[in-house]
Amino acid sequence: MRVSVVLCTYSLDRYPEFREAADSVLGQTHDDVELVVVVDGTDDVYERVTADYGDVENATLHCNEENRGLSHSRNVGAELATGDVVAFLDDDAVASADWVERLVDAYDRYDALAVGGRMVPDWLDGEPAYLPEEFYFLIGVTYRGFREREGYVRNTFSSNLSFDRETFLDLGGFKTEMGKRGENNLQGGETELCARLERETGEQVVYVPDATVEHKIYDYRTERRWLLERAFWQGYSKRRMEEVAAESTDAEQEFLRKLLLWFIPDRVAELVTSPSTERADRLAMLLALTGVTGVGYLYALATK
């Protein structure tokens, strides 16, 4: 099985991180991997990519004529790809050496149309004690409450997600209005696509927790203000998602039930039985993030 990994980038500031991501793709244990690089309209970056990877076997390079956003770039990469499977990796992430091998194994065992894996944090400036694991999804890593064992899920994070390429193209790929571009903070393009996959094919994503990708967590992504803003836009996006795919938010409703009935009471009990400033801070942040997410959802309702 040939696997094409689409890696999109656009900034020279992130070029060292991009190279780590690209080299992790080229260093896979699976013996038939294509690296597809899509530079989103930045000529200087494309020149560097061409100089470093232009002569690499099984590397396909492309530059958009202008900045078109991540979803568009991923779709372009899938069209350029030659693999049976197209996988997506972010330019601030590093795939484990056996990542593709484990994805391919799941395709074989499940006869799957989509397979994803687990995102783990690479804390560049240390792990903040106040950030509860229930909200790790804000920083793009697998969170408390997500499925722990291998099996079917609605979706995984888009930086550790793959599709049968023909199926991806038949679905039309990611909606280009989703994903971050400029001031657009509408999140959840992978959620909408995977909900569409299930609606049109009856198939879900196979989750393989041993197929791991490390996501770099920069210090600004652990600042309280950034996390609260991110939570607001998560709530906003979930409401917008309901408007285009009502069934796509079932997983969020189940997570909210766990949060209110289990996780928050667990944190309260933990604080009562073993009080500490750290536990109090974490509980306060958990409540604040939950509330701000709800405010974002209500804002989307009010501005429909």
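Everything below is about the structure printed above this text.
Numbers given to residues run from 1 along each chain, matching the order in which its sequence is written. This being a predicted model, a pLDDT of at least 70 is required before a residue's local features are given, and a value of 80 or more before pairs of side-chain atoms are given or counted; all residues contribute to the totals for chains, interfaces and linings. To obtain the side-chain values, all non-hydrogen atoms of the structure were included, while hydrogens and water were left out.

What should I look at first to understand the side chain of D40 in this one?
Looking at where D40 falls in the secondary structure, it is placed in the loop between β2 (33-39) and α2 (43-53). Accessible area is worked out with a 1.4 Å probe on protein chains only. A residue is then buried under 20% of its type maximum, exposed over 50%, and partly exposed in between. The class of D40 is buried, set by a relative accessible area of 7%. In terms of polar contacts, D40 uses its side chain to reach the side chain of N64, at 2.8 Å. What qualifies as a polar contact is a pair of N or O atoms within 3.5 Å, subject to a donor-acceptor requirement within protein and to the restriction that residues adjacent in sequence count only when both atoms come from side chains. Within the structure, the side chain of D40 is placed 2.8 Å from the backbone nitrogen of R68, a separation counted as a polar contact. Aside from chain neighbours lying at most four places away, what touches D40 is T9, Y10, N64, E66, N67, R68, G69, L70 and S73. Numbering goes from the N terminus for both helices and strands, where a helix is a DSSP run of H or I of at least four residues and a strand is a run of E of at least two. We call two residues contacting when some pair of their heavy atoms lies within 4.5 Å.

What am I meant to see in a nonpolar patch on the surface here?
Note on patches: the residues involved have over 30% relative accessible area and no salt bridge, like charges join within 9 Å, and the nonpolar side chains Val, Leu, Ile, Met, Phe, Trp and Tyr join within 5 Å. With residues, only the protein chains shown are counted as cover, and all accessible areas are computed by Shrake-Rupley using a 1.4 Å probe. Only one rule defines a salt bridge in this text: a Lys or Arg side-chain nitrogen within 4 Å of an Asp or Glu carboxyl oxygen. A contiguous nonpolar patch, built from L256, L260, L261 and W262 and spanning about 410 Å² of accessible area, is present on the exposed surface. Secondary-structure assignment places L260 in helix α8 (residues 250-273). The exposure class assigned to L260 is partly exposed, which follows from its relative accessible area of 48%.

Please explain the pairing of strand β4 (residues 85-89) as it appears in this structure.
The two faces of the sheet receive side chains in turn, since in a regular strand these alternate between them. Of all five residues in β4, five are buried, a share of seventy percent or more. The two faces of β4 match: V85, A87 and L89 on one face and V86 and F88 on the other face are all buried. In this description, strands pair whenever DSSP reports at least two bridges between them. Two elements, strand β1 (residues 3-9) and β4, share five bridges in a ladder whose sense is parallel. Residue pairing for β4: V3 is matched across the bridge by V85. Alignment of β4 against strand β8 (residues 161-164), held across four bridges, turns out to be antiparallel. Within β8, the position partnered with F88 by the bridge is L161.

Just to check I follow, could you spell out the environment of T191 for this structure?
Its place among the elements puts T191 in helix α6 (residues 189-201). In this structure T191 comes out as buried when scored by relative accessible area, which is 3%. Taking the C-alpha atoms as reference points, T191 and F174, 17 residues apart in sequence, are found 9.7 Å from one another.

Mind showing me how you'd approach the packing of α8 against helix α9 (residues 277-302) here?
Between two packed helices, what matters for the description is the angle formed by their axes and the separation of those axes. Taken N-terminus to C-terminus, the directions of α8 and α9 make an angle of 160°; their axes are 9 Å apart at the nearest point. Relative to α9, α8 is oriented roughly antiparallel. Between α8 and α9 the crossing geometry is left-handed. When α8 is examined against α9, the residues L259, I264, R267, V268, E270 and L271 are found in contact with a partner set consisting of R279, A280, R282, L283, L286, L287 and T290. Gly counts as polar in this scheme, as do all residues outside two lists: the nonpolar Ala, Val, Leu, Ile, Met, Phe, Trp, Tyr, Cys and Pro, and the charged Asp, Glu, Lys and Arg. Tallied by class, residues from the contact of α8 with α9 come to eight nonpolar, one polar and four charged. For every element, the axis is a line fit to its C-alpha atoms; helices are fit only across the contacting stretch, and the angle between N-to-C directions ranges from 0 to 180 degrees. For classification purposes, an angle smaller than 35 degrees is called roughly parallel, one larger than 145 roughly antiparallel, one from 65 to 115 roughly perpendicular, and anything else oblique. Handedness of a crossing is defined here by the sense of rotation of the near helix relative to the far one, left-handed for an anticlockwise turn of less than a right angle and right-handed for a clockwise turn.

What exactly am I supposed to notice about unusual backbone geometry here?
With the exception of glycine, the majority of residues adopt a negative phi angle, and the majority of peptide bonds are in the trans configuration. Here the phi dihedral of N58 falls at roughly 65°; this positive angle occurs in a residue that is not glycine. On the secondary structure map, N58 appears in the loop between α2 and β3 (59-63). Of the residues examined, N58 reaches a relative accessible area of 32% and is grouped as partly exposed. Here D111, not a glycine, exhibits a phi torsion of approximately 50°, which is positive. Its place among the elements puts D111 in the loop between α4 (99-110) and β6 (114-123).

Worth remembering: the numbers are spatial, not functional.
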